Amino acid sequence: MSFATDNVERILNSLERYNVEIVAATKTRSIGEISDIINNTPVKVAGENRVQEFVEKYAPEITWDFIGQLQTNKVKQIAGKVRLIHSVDRISLLETVNKEAGKAGIIQDILIEINGGREENKGGLFLEDVELFAQKVKEYRNVRLAGLMTVAPPDCTRDGLEKIFKSAYALFCGMKNEYPEISKLSMGMSGDYMIAADCGANLLRLGRVIFGERK
Ligand SMILES: *Cc1c(COP(=O)(O)O)cnc(C)c1O
């Protein structure tokens, strides 16, 4: 057992009553640290948020998600190598993901990112724009909508977090009629994952609480 695998065990115990999947957020972590978690705990997916780091660490035997903001000109470097892109928030990106997925011969699962805190200079769509964007996703043959994702503002109060997470959950549930295939609601990080789980998240992206503080 390592520090990180102990942490995973403790986190999983605290989440016992929820039906949630954990993605290990692996920015700044070495491939050794990542493999330790994937090989020795029930956490089976690594989430990268920088393309450069993803390319350096990529190992085909590990399941990877892409969780960070994504530039269109970098999509080809991850195409065919990630289970899920969490951060799709604009048509140009959707178009590029569709094109590169086609070239790679796959259907790419994506989440629509919501800017739940309505922050400036932050990725994600405002809540009220998500459904129109979801309609657009249907037009792209090599992309499949798998759900929604949100990152809460760093300085949020507990009330603020609950408001953001609950409204994302409400939208997610409301969309299930028209999009029966959506199944993933990605929200909750080290500082807020219990609140997110309580509000209906089923996919948590956890970094520091697994690996320790970043250097
Ligand atoms: C870094 C990161 C996380 C994990 O953050 P921690 O606070 O280390 O748990 C989750 N989601 C995204 C998009 C990230 O960039």
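Up top is the structure these notes are about.
Residues numbered from 1 in each chain as written. Predicted model: local features only at pLDDT ≥ 70, side-chain atom pairs only at ≥ 80, totals over all residues. Heavy atoms only, no water.

Draft legend 1. Local environment of the packing of helix H1 (residues 3-14) against helix H2 (residues 31-40). Following both chains from N to C, one finds H1 and H2 inclined at 45°, their axes separated by 9 Å at the closest point. Put simply, H1 runs oblique to H2. Our pair here, H1 against H2, has a crossing hand that is right-handed. Residues Ala4, Thr5 and Val8 of H1 form the contact with H2, whose participating residues are Asp36, Ile37 and Asn40. Grouping the constituent residues of the contact of H1 with H2 by class yields three nonpolar, two polar and one charged. (Axes fitted to C-alpha atoms, helices over the stretch in contact; angles between N-to-C directions. Helix = DSSP H or I, 4+ residues; strand = E, 2+ residues; numbered from the N terminus. Parallel < 35°, antiparallel > 145°, perpendicular 65-115°, else oblique. Left-handed = near helix turned anticlockwise from the far one by under 90°. Contact = heavy atoms within 4.5 Å. Nonpolar A, V, L, I, M, F, W, Y, C, P; charged D, E, K, R; others polar.)

Draft legend 2. Quick look at unusual backbone geometry. In this model, Thr28 sits at a positive phi of 70°, which is unusual for a non-glycine residue. Mapped onto the elements of the fold, Thr28 is located in the loop between strand S1 (21-25) and H2. A positive phi angle, close to 50°, is found at Arg118, a residue other than glycine. Tracing the backbone through its elements, the reader meets Arg118 in the loop between strand S5 (108-114) and helix H5 (130-137). Judged by its relative accessible area of 45%, Arg118 is partly exposed. (Buried < 20%, exposed > 50% of the residue type's maximum accessible area, 1.4 Å probe, protein only.)

Draft legend 3. Just the pairing of strand S8 (residues 203-206), in detail. The two faces of S8 match: Leu203 and Arg205 on one face and Leu204 and Leu206 on the other face are all buried. As judged from the four bridges shared by S1 and S8, these two strands associate in the parallel manner. Considered in S8, the bridge of Val23 is made with Arg205. (Pairing = 2+ DSSP bridges.)

Draft legend 4. Up close: the pattern of salt bridges. Enumeration over the complete set of coordinates arrives at 13 salt bridges. Between Arg83 and Glu21 there is a salt bridge whose closest N-O contact spans 3.1 Å. You can see Arg83 sitting in the loop between strand S3 (63-66) and strand S4 (84-88) and its partner Glu21 sitting in strand S1, a full 62 residues away along the chain. By relative accessible area, Arg83 is classed as partly exposed at 26%. Between Arg83 and Asp65 there is a salt bridge; the shortest N-O distance is 2.8 Å. A residue pair is termed long-range when its members are at least 10 positions apart, and Arg83 in the loop between S3 and S4 and Asp65 in strand S3 qualify at 18 residues. (Salt bridge = Lys/Arg side-chain N within 4 Å of Asp/Glu carboxyl O.)

Draft legend 5. Up close: the site of the ligand. The local shell around the ligand consists of Ala25, Lys27, Asn49, Ile67, Met189, Ser190, Arg205, Leu206, Gly207, Arg208 and Arg214. In this structure, an oxygen atom belonging to the ligand sits 2.7 Å away from a side-chain N or O atom of Asn49. One nitrogen or oxygen atom from the side chain of Arg208 is found 2.8 Å from an oxygen atom belonging to the ligand. For the ligand, whose accessible area on its own is 390 Å², the fraction buried by protein is 92%. Most atoms of the ligand, that is more than half of them, are within 2 Å of grid points of the largest pocket. Considering only residue class, the shell around the ligand consists of four nonpolar, three polar and four charged. (Near = heavy atom within 4 Å. Polar contact = N/O pair within 3.5 Å; in protein donor to acceptor, adjacent residues only side chain to side chain. Areas by Shrake-Rupley, 256 points an atom, 1.4 Å probe, with all protein chains shown as cover. 1 Å grid on protein atoms, 1.4 Å probe; cavity = no way out; pocket = protein on both sides within 12 Å on 5 of 7 lines; lining within 4 Å. Sits in = over half its atoms within 2 Å of the grid points.)

Draft legend 6. Inspection of the pairing of strand S6 (residues 143-150) at higher detail. Extensive coverage of S6 is indicated by the burial of seven of its eight residues. The sheet contact formed by S5 and S6 spans seven bridges and is parallel. Bridged to Ile112 within S6 is Leu148. Tracing the backbone out of S5, into H5 and back to the parallel element S6 gives a crossover that is right-handed. Handedness of the crossover is the feature at issue here: the chain leaves S6, passes through helix H6 (residues 158-175), returns alongside strand S7 (residues 184-186), and the resulting connection is right-handed. (Right-handed = clockwise from strand over helix to strand, strands pointing away.)

Draft legend 7. Just the packing of aromatic side chains, in detail. A full pass over the atoms with the stated rule returns three aromatic pairs. Residues Phe54 and Tyr58 carry aromatic rings whose centres are separated by 5.4 Å and whose planes lie at 45° to one another, so their mutual orientation is tilted. Tyr58 gets classed as partly exposed once you look at its relative accessible area, which sits at 27%. An angle of 40° between the planes, with centres 6.4 Å apart, marks the rings of Tyr58 and Trp64 as tilted. Ring-pair connections join several aromatic residues into one group, and the members of that group are Phe54, Tyr58 and Trp64. One cation-aromatic arrangement involves Lys81 over Tyr58; the distance from NZ or CZ to the ring centre is 5.0 Å. The lysine or arginine in question, Arg118, covers the ring of Phe126, its NZ or CZ lying 4.1 Å from the ring centre. (Phe/Tyr/Trp six-rings, centres within 6.5 Å; stacked < 30°, edge-to-face > 60°. Lys NZ or Arg CZ within 6 Å of the ring centre and 35° of its normal.)

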